[in-house]
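Chains, contacts and geometry: an overview
In case you want the letters, here they are:
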Amino acid sequence: MKSTTKEAGVAAPGKPFLMRVGIGLFGIGMLAVLAVFIMFAAGLENLPIWLSVAAGVITPLGLLLGLIALVIEARAKN
């Protein structure tokens, strides 16, 4: 009796790889934005530049990758 198993390296058919990367980057960027707001509300004035850059660059990059993945998926269905 054979049992079928999925290979470990194969992604689920639900979401493409680019979409997963975009969601991950967007989530990390939103955590950075939240950290910046919390630190600013706590009274800190000199925030780390890497945190501000992460909040300003990673969030829109993740959104852009997610939108590109949606367009690619929509074109592939047509």
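Just so we're clear, the structure is a prediction, and the values are computed from it rather than from any experiment. (Residues numbered from 1 in each chain as written. Predicted model: local features only at pLDDT ≥ 70, side-chain atom pairs only at ≥ 80, totals over all residues. Heavy atoms only, no water.)

Formed by Ala32, Val36, Leu51, Ala54 and Ala55, the largest nonpolar core amounts to five residues. Broken down by secondary-structure element, the contributors of at least two residues to this core are helix H1 (17–41) and helix H2 (49–77). In terms of residue count, the dominant contributor to this core is H2 (three residues). Dropping the residues within four chain positions of it, Leu51 is found in contact with Ala32, Ala35, Val36 and Met39. (Core = buried A, V, L, I, M, F, W, Y, C linked by side-chain atoms within 4.5 Å. Buried < 20%, exposed > 50% of the residue type's maximum accessible area, 1.4 Å probe, protein only. Helix = DSSP H or I, 4+ residues; strand = E, 2+ residues; numbered from the N terminus. Contact = heavy atoms within 4.5 Å.)

On to H1. Three or four residues apart is the spacing at which side chains of an α-helix point the same way, because the helix has 3.6 residues per turn. Along its 25 residues, H1 runs 36 Å from first to last C-alpha, staying within 8% of the 36 Å computed at 1.5 Å per residue. For H1, the set of buried residues is Met19, Gly22, Gly29, Ala32 and Val36. On its buried face, H1 is in contact with H2. Just beyond H1, the residue with positive phi is Gly43, at close to 100 degrees. (Expected span 1.5 Å × (residues − 1).)

Turning next to H2. For H2, with 29 residues, the first-to-last C-alpha span of 42 Å sits near the 42 Å given by 1.5 Å per residue. The set of residues buried in H2 consists of Leu51, Ala54, Ala55, Thr59, Gly62, Leu65, Gly66 and Ala69. On its buried side, H2 packs onto H1.

Below, the discussion takes up the side chain of Thr59. With respect to the helices, strands and loops of the structure, Thr59 is situated in helix H2. By relative accessible area, which is 10% here, Thr59 ends up buried. Polar contacts involving the side chain of Thr59 include one to the main-chain carbonyl oxygen of Ala55, which spans 3.3 Å. Filtering out sequence-adjacent residues up to four positions away, Thr59 remains in contact with Phe26, Gly29, Met30, Val33 and Ala54. (Polar contact = N/O pair within 3.5 Å; in protein donor to acceptor, adjacent residues only side chain to side chain.)

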